[in-house]
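The primary structure of each chain is shown beneath.
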Amino acid sequence: MKNTMGQSVSLTLFGESHGPYIGAVLDGLAPGISVDEDRIRLQLSLRRPRGSYSTARVEKDSFSIVSGVFEGKTTGTPLTILIPNQNIESRDYAETRALARPGHADYTAYCKYHGFEDHRGGGHFSGRITAALVAAGSVCLQALEMKGVRLGTHIASCGSVQDRSFGDIQTDIDLLSGSREGVLDPSIWTEMEEAINNARREGDSLGGVLETMITGIPAGLGEPWFDTVEGLLAHGIFSIPGIKGVQFGPAFELVKERGSVYNDSFRMEGGAPITETNHNGGINGGITNGMPIHILTAVKPTPSISQPQQTVDFIRGEEAVLFVKGRHDPAIIHRVRVVVDSICALVLCDLLAQRFGTDFLRAT
């Protein structure tokens with residue numbers, strides 16, 4: 001029953017979708033890191049639902065930092081963030097308590113927690129918990145930016161609609177910072193929104209692919225076997241509800257090619273080695289090579305749809321037909337984008353603290 005990740009810098013998540021609070025505890029942060037609460041509010045707003053292409057459950061996400069920050073700076077002790085749940089309609093879940101919603105964790109949660117779990121709205125498995133992750137991740141993002149580390153994620157594709165890929169990485173990260181739509185080609189968002197709304201009108205949902213770029217990470221982070229940079233980042237990203245695939249660089253596209261194509265040739269630039277291409281996503285042997293870390297993440301279509309679905313009553317042991325009630329997103333990819341940034345920021349803070357010491361993240 002482990003809800004904590006990280007070694008030098010760790011994150012613990014707690015709470016349920018329809019409980020009184022959700023929250024996060026960040027431990028191991030250096031003292032003296034600036035914490036801008038307006039930046040936390042901005043990041044939370046990027047995760048918040050909006051428009052006809054999102055759930056009707058809209059929370060204010062008002063948060064309280066109840067420990068670990070004094071006069072706008074981290075103290076070095078555990079930083080605890082509380083976010084109240086306010087817009088709750090638990091009656092939507094009473095009738096379907098024992099019905100396994102396809103694609104959800106209802107049945108597996110029942111098997112693990114023996115029926116004692118809070119099932120309302122998915123309980124502890126709900127995407128609602130990612131609000132606490134984003135709030136904590138914002139603090140990590142601020143610490144990284146002070147060290148010259150930048151990252152950004154865009155919607156590479158939603159359904160069959162595709163955005164352009166990263167060009168000038170720093171310029172594109174600036175473009176994505178604070179972007180509500182999360183695309184690099186602003187003209188493509190209208191088409192994506194239309195595709196999501198078409199799925200919604202048909203009682204269905206859409207998924208897609210997110211593309212993340214991370215710059216400013218020095219060479220030498222990570223371990224060659226079980227704590228590889230790919231392994232730790234994938235561990236974090238796979239913890240996000242709805243994630244079904246993670247790759248580094250254009251792996252699945254290029255593995256059909258020969259090594260002469262896949263390999264990244266080295267050359268010198270500004271007195272340091274760089275690679276001509278970045279097919280390995282900035283990582284060799286599980287260790288960063290100084291090039292941008294490039295991640296592609298597969299986000300599945302939202303499992304809650306408005307069509308009848310075949311399922312089972314796992315308490316009575318009977319087959320059943322499910323008609324999902326409640327308020328649900330026809331797509332979550334535009335909301336997951338900032339969650340991926342947040343978990344990557346946590347993993348990178350942990351890696352940097354392990355390599356250079358916890359005080360490395362302190363502002364100088």
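The structure displayed is predicted, hence computed values, not measured ones.

Enquirer: How do you make sense of the overall build of the protein when you look at a structure like this?
Expert: A count of helical and extended segments in the protein gives nine helices and 18 strands. In terms of overall dimensions, the protein is globule-like: its C-alpha atoms have a radius of gyration of 21 Å, near the 21 Å expected for 364 residues. Along the first, second and third principal axes, the C-alpha set of the protein runs to 65 × 50 × 40 Å. By the burial criterion, 53% of the 364 residues in the protein qualify as buried. In the protein, once contacts between residues fewer than 6 apart in sequence are set aside, the share between residues at least 24 apart is 72%. In the protein, 33 positive and 42 negative side-chain charges are present, and the distance between their average locations comes to 4 Å.

Enquirer: Help me understand the pattern of salt bridges, please; the structure alone is not making it clear to me.
Expert: It is possible for side chains bearing opposite charge to pair when their charged atoms get close. Under the definition given, this model contains 15 salt bridges. We note a salt bridge from Arg128 to Asp61, for which the minimum N-O separation is 2.7 Å. Here Arg128, found in the loop between helix H2 (106-113) and helix H3 (130-146), pairs with Asp61, found in the loop between helix H1 (37-47) and strand E4 (64-67); they are 67 residues apart in sequence, far enough to count as distant. Considered together, Arg128 and Asp61 belong to a single accessibility category, that of buried residues. Connected through shared salt-bridge partners, Arg47, Arg48, Asp61 and Arg128 make up one network.

Enquirer: Can you walk me through the sheet that holds E4 in this structure?
Expert: The sheet built from five strands is open, its strands ordered E1-E2-E3-E7-E4 with antiparallel pairing. The two strands at the open ends of the sheet, each matched to only one other strand, are strand E1 (4-5) and E4. By the bridge criterion, six bridges tie strand E3 (residues 21-27) to strand E7 (residues 79-84) in an arrangement that is antiparallel. Of the residues in E7, the one forming a bridge with Ile22 is Ile83.

Enquirer: For this particular structure, what's the right way to read the sheet that holds strand E8 (residues 150-158)?
Expert: Within a sheet, each strand pairs with its neighbour through backbone hydrogen bonds, oriented either parallel or antiparallel. Ordered in space as E9-E8-E10-E16-E11, the five strands form an open sheet in which the pairing is antiparallel. Looking at which strands have only one partner, the edges of the open sheet turn out to be strand E9 (161-162) and strand E11 (243-248). Sheet analysis places E11 next to strand E16 (residues 293-299), joined by five bridges and oriented antiparallel. Pairing of Phe248 across the sheet is with Ile295, part of E16. Seen against the sheet, helix H4 (residues 169-176) touches E8 and strand E10 (208-215) and runs at an angle of roughly 75° to E8. Along the sheet, helix H5 (residues 189-201) makes contact with E8 and E9, crossing E8 at roughly 55°.

Enquirer: What is the right way to read the state of the cysteines from this model?
Expert: Chemically, a disulfide is nothing more than a covalent bond linking the sulfur atoms of two cysteines. Applying the stated criterion across every chain, the model contains zero disulfides. Between Cys140, a cysteine without a disulfide, and Cys349, which holds the nearest cysteine sulfur, the sulfur-to-sulfur distance is 4.2 Å.

Enquirer: I tried to follow the packing of H1 against H3 on my own but got confused; where do I start?
Expert: A packed helix pair is summarised by two numbers, namely the angle formed by the two axes and the spacing between the axes. Between H1 and H3, the least distance of the axes is 9 Å, while the angle of their chain directions is 130°. On the basis of the axis angle, H1 is oblique to H3. The handedness of the crossing between H1 and H3 comes out as right-handed. Residues Arg39, Ile40, Gln43, Leu44 and Arg47 of H1 touch H3, and the partners they reach there are Thr130, Ala131, Val134, Ala135, Ser138, Val139, Leu141, Gln142 and Glu145. For the contact of H1 with H3, the class distribution of residues is seven nonpolar, four polar and three charged.

Enquirer: What am I meant to see in the environment of Thr302 here?
Expert: On the secondary structure map, Thr302 appears in the loop between E16 and strand E17 (309-313). According to the relative accessible area criterion, Thr302 is buried, its value standing at 9%. Thr302 sits 97 residues away from Ser205 along the chain, and the two C-alpha atoms are 5.6 Å apart. Those residues in contact with Thr302, other than ones at most four positions away along the chain, are Ser205, Leu206, Asp329, Pro330, Ala331 and Ile332.

Enquirer: Just checking my understanding: could you explain the nonpolar core for this structure?
Expert: The nonpolar side chains of soluble globular proteins are, as a tendency, buried together. Leu26, Ile214, Ile293 and Ile295 are the most contacted members of the largest nonpolar core, which totals 78 residues. With 15 residues, the top contributor of residues to this core is helix H9 (residues 333-356). Residues within four places of Ile295 in sequence aside, it is in contact with Leu210, Glu211, Thr212, Ile214, Leu233, Ile237, Val246, Gln247, Phe248 and Cys344. Core analysis: the second largest hydrophobic core is formed by six residues, Phe166, Leu176, Leu184 and Met213 among them.

Enquirer: I would appreciate a short explanation of the pairing of strand E13 (residues 272-275) in the present structure.
Expert: Across four bridges, strand E12 (residues 266-269) lies against E13 in antiparallel orientation. Following the sheet pairing, Phe266 is matched in E13 by Thr275. Linkage of E12 to E13, two consecutive antiparallel strands, is achieved through a turn of two residues, within which Gly270 is found at a positive phi near 60°.

Enquirer: It is not clear to me how unusual backbone geometry should be interpreted in this structure. Could you clarify?
Expert: Across residues other than glycine, the phi torsion is negative in most instances, and most of the peptide bonds are trans. The phi angle at Asp61 is positive, at roughly 55°, despite the residue not being glycine. The phi angle at His114 is positive, at roughly 60°, despite the residue not being glycine. Within the secondary structure, His114 sits in the loop between H2 and H3. The exposure class assigned to His114 is exposed, which follows from its relative accessible area of 60%.

Enquirer: Explain the packing of H3 against H9 here, please?
Expert: The contact between H3 and H9 brings their axes to 8 Å, and the two run at 50°. When the axis of H3 is compared with that of H9, the two are oblique. As for how H3 packs across H9, the hand of that crossing is left-handed. Residues Thr130, Leu133, Val134, Gly137, Cys140, Leu141, Ala143 and Leu144 of H3 touch H9, and the partners they reach there are Val338, Val339, Asp341, Ser342, Ile343, Ala345, Leu346, Leu348, Cys349 and Leu352. For the contact of H3 with H9, the residue count by class is 14 nonpolar, three polar and one charged.

The rules behind these values
Residues numbered from 1 in each chain as written. Predicted model: local features only at pLDDT ≥ 70, side-chain atom pairs only at ≥ 80, totals over all residues. Heavy atoms only, no water. Helix = DSSP H or I, 4+ residues; strand = E, 2+ residues; numbered from the N terminus. Rg over C-alpha atoms; globule rule 2.2 N^0.38 Å. Buried < 20%, exposed > 50% of the residue type's maximum accessible area, 1.4 Å probe, protein only. Contact = heavy atoms within 4.5 Å. Lys, Arg positive; Asp, Glu negative; His and termini not counted. Charge placed at Lys NZ, Arg CZ, Asp CG, Glu CD. Salt bridge = Lys/Arg side-chain N within 4 Å of Asp/Glu carboxyl O. Pairing = 2+ DSSP bridges. Axes fitted to C-alpha atoms, helices over the stretch in contact; angles between N-to-C directions. Disulfide = S-S within 2.5 Å. Parallel < 35°, antiparallel > 145°, perpendicular 65-115°, else oblique. Left-handed = near helix turned anticlockwise from the far one by under 90°. Nonpolar A, V, L, I, M, F, W, Y, C, P; charged D, E, K, R; others polar. Core = buried A, V, L, I, M, F, W, Y, C linked by side-chain atoms within 4.5 Å.

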